[in-house]
Amino acid sequence: VGRASLLTPCSELVAADLPRVSTEGRTIVRNGVDVPEEMGWEPTSGRLLFVGNLGYPPNSEAVRTLLHDFLPQMRRVIPGVELHVVGAGGAALNDLWSVENVVWHGFVDDLAPQYKSAALVVAPLDFGSGTKLKIIEAFAHGVPVVTTPTGVEGLDVSGREVAVGTSVPELVELALALLNDPGRADLQRQRARDWVERTHTWASAGDQLRRAVKELVDPSIGASS
């Protein structure tokens, strides 16, 4: 890191974790995601969705929280609610494969159908570092998201774009509120999609990176802006 002329962390959070070295070139270049032309979402499907590499401990623990704590509380109100889990590494959770109303998809080539049929994305992440791309991706696909403070750590969002809860009962309450009020859920997902289009497209990431490189070559560019 100390030999680099330019560092491009993807968020202020990541930048704060970088080693304190003498490198002066340090510019935030936010992650980009594919933004589909058509948004997903099926508000009446009763399908909850979790997407992630299940071999990664923060993701596997989030799924355990969903199955052990979140789903039982949800089923007291909506008995037929389903959880669909998508991602490689499911062997880490093979002791849970027989849980009722849970569908394990494993790795899929195209996530769009999963998002299109989902009513909510739920991600009760308790730990983990870096930007949570699964949250940005769900925003891009137009599915309302319920998550924890860890899930949106490093993202400049508020309660307008995402529902954030600090405990399982609070996450359940937020999920039920969105499922019972499609208008509220639709407004949240529209705001989230708008946020992604403003801040996390590949075009915006490319613009940030090109400007950083130009300023590295010619510092007067940054001084004149």
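Refer to the structure printed above.
What you are looking at is a predicted structure, and each value in this text was computed from that prediction instead of being measured. (Residues numbered from 1 in each chain as written. Predicted model: local features only at pLDDT ≥ 70, side-chain atom pairs only at ≥ 80, totals over all residues. Heavy atoms only, no water.)

### Focus: the overall build of the chain
Piece 1. Helix and strand content of the chain: eight helices and six strands.
Piece 2. Element order for the chain, N to C, with α for helix and β for strand: α-β-α-β-β-α-β-α-β-β-α-α-α-α.
Piece 3. Taken over the C-alpha trace, the chain has a radius of gyration of 19 Å; the compact-globule value for 225 residues is 17 Å, and the two agree within 12%.
Piece 4. Across its three principal axes, the chain shows a C-alpha extent of roughly 65 × 35 × 30 Å.
Piece 5. Residue pairs at least 24 apart in sequence account for 62% of intrachain contacts in the chain once pairs closer than 6 positions are excluded.
Piece 6. A total of about 11,200 Å² of accessible surface is found on the chain, and carbon and sulfur atoms cover 51% of it. (Helix = DSSP H or I, 4+ residues; strand = E, 2+ residues; numbered from the N terminus. Rg over C-alpha atoms; globule rule 2.2 N^0.38 Å. Contact = heavy atoms within 4.5 Å. Areas by Shrake-Rupley, 256 points an atom, 1.4 Å probe, with all protein chains shown as cover.)

### Here's the deal with the packing of aromatic side chains
Piece 1. Using the criterion set out here, one finds one aromatic pair in the structure.
Piece 2. With 5.8 Å between their ring centres and 90° between their planes, Phe139 and Trp195 make a pair best called edge-to-face. With Phe139 in helix H4 (residues 133-141) and Trp195 in helix H6 (residues 182-199), this residue pair connects regions lying 56 residues apart in the sequence. The exposure classification of Phe139 matches that of Trp195, with both residues buried. (Phe/Tyr/Trp six-rings, centres within 6.5 Å; stacked < 30°, edge-to-face > 60°. Buried < 20%, exposed > 50% of the residue type's maximum accessible area, 1.4 Å probe, protein only.)

### Quick look at the packing of helix H5 (residues 168-180) against H6
Piece 1. Across the interface, H5 lies against H6 with an axial gap of 5 Å and an inter-helix angle of 105°. Taken together, H5 and H6 sit at an angle that is classed as roughly perpendicular. In this structure, H5 uses Leu174, Ala177, Leu178, Leu179 and Asn180 to contact H6, whose residues at the interface are Pro182, Arg184, Ala185 and Gln188.
Piece 2. Residue composition of the contact of H5 with H6, grouped by class: six nonpolar, two polar and one charged. (Axes fitted to C-alpha atoms, helices over the stretch in contact; angles between N-to-C directions. Parallel < 35°, antiparallel > 145°, perpendicular 65-115°, else oblique. Nonpolar A, V, L, I, M, F, W, Y, C, P; charged D, E, K, R; others polar.)

### Topic: the pairing of strand S4 (residues 120-123)
Piece 1. Here S4 shows no split at all, with Leu120 and Val122 on one side and Val121 and Ala123 on the other all buried.
Piece 2. Note: strand S1 (residues 47-51) against S4, two bridges, orientation parallel. Residue pairing for S4: Leu48 is matched across the bridge by Leu120.
Piece 3. Pairing of S4 with strand S5 (residues 145-147), which is carried by three bridges, proceeds in the parallel orientation. (Pairing = 2+ DSSP bridges.)

### A few points about the side chain of His200
Piece 1. Within the element layout of this structure, His200 appears in the loop between H6 and helix H7 (202-217).
Piece 2. Once you skip the residues sitting within four places of it in the chain, His200 turns out to touch Arg30, Asn31, Gly32, Val33, Ile136, Leu155 and Trp195.

### Describing the sheet that holds S5
Piece 1. As summarised here, the arrangement of the six strands in space is S3-S2-S1-S4-S5-S6, forming an open sheet in which the pairing is parallel. A single partner strand is all that each edge strand has here, and the edge strands are strand S3 (102-106) and strand S6 (163-164).
Piece 2. Relative to S6, S5 runs parallel, the two being bridged by two bridges. Bridge pairing in S6 links Thr147 to Val164.
Piece 3. Along the sheet, H4 contacts S1, S4 and S5; its crossing angle with S5, the most-contacted strand, is approximately 160°.
Piece 4. Along the sheet face, H5 touches S4, S5 and S6 and points at about 170° away from the line of S5.

### So, the nonpolar core
Piece 1. Among the nonpolar cores identified, the biggest contains 55 residues, and Leu48, Phe70, Met74 and Phe139 are the most heavily contacted of them.
Piece 2. Sorting the residues of this core by element identifies S1, helix H2 (57-75), strand S2 (82-86), S4, H4, S5, H5 and H6 as the ones contributing at least two each.
Piece 3. Examining the composition of this core, we find that eight residues originate from one element, H5, more than from any other.
Piece 4. Leaving out residues up to four positions away in the same chain, Phe70 has contacts with Leu48, Thr65, Val122, Val168, Leu171, Val172 and Ala175. (Core = buried A, V, L, I, M, F, W, Y, C linked by side-chain atoms within 4.5 Å.)

### A closer look at the pattern of salt bridges
Piece 1. The final tally for this structure, using the stated rule, is six salt bridges.
Piece 2. The partner of Glu12 in a salt bridge is Arg30, with the nearest N and O atoms 3.1 Å apart. In this pair, Glu12 is assigned in helix H1 (residues 12-17) and Arg30 in the loop between H1 and S1, connecting sequence segments 18 residues apart.
Piece 3. The salt bridge partner of Arg210 is Asp207, with a shortest N-O separation of 2.6 Å. Placement of both Arg210 and Asp207 in helix H7 is noted, with a separation of three residues, approximately one turn of the helix. (Salt bridge = Lys/Arg side-chain N within 4 Å of Asp/Glu carboxyl O.)

As far as function goes, none of this settles anything; it's purely spatial.
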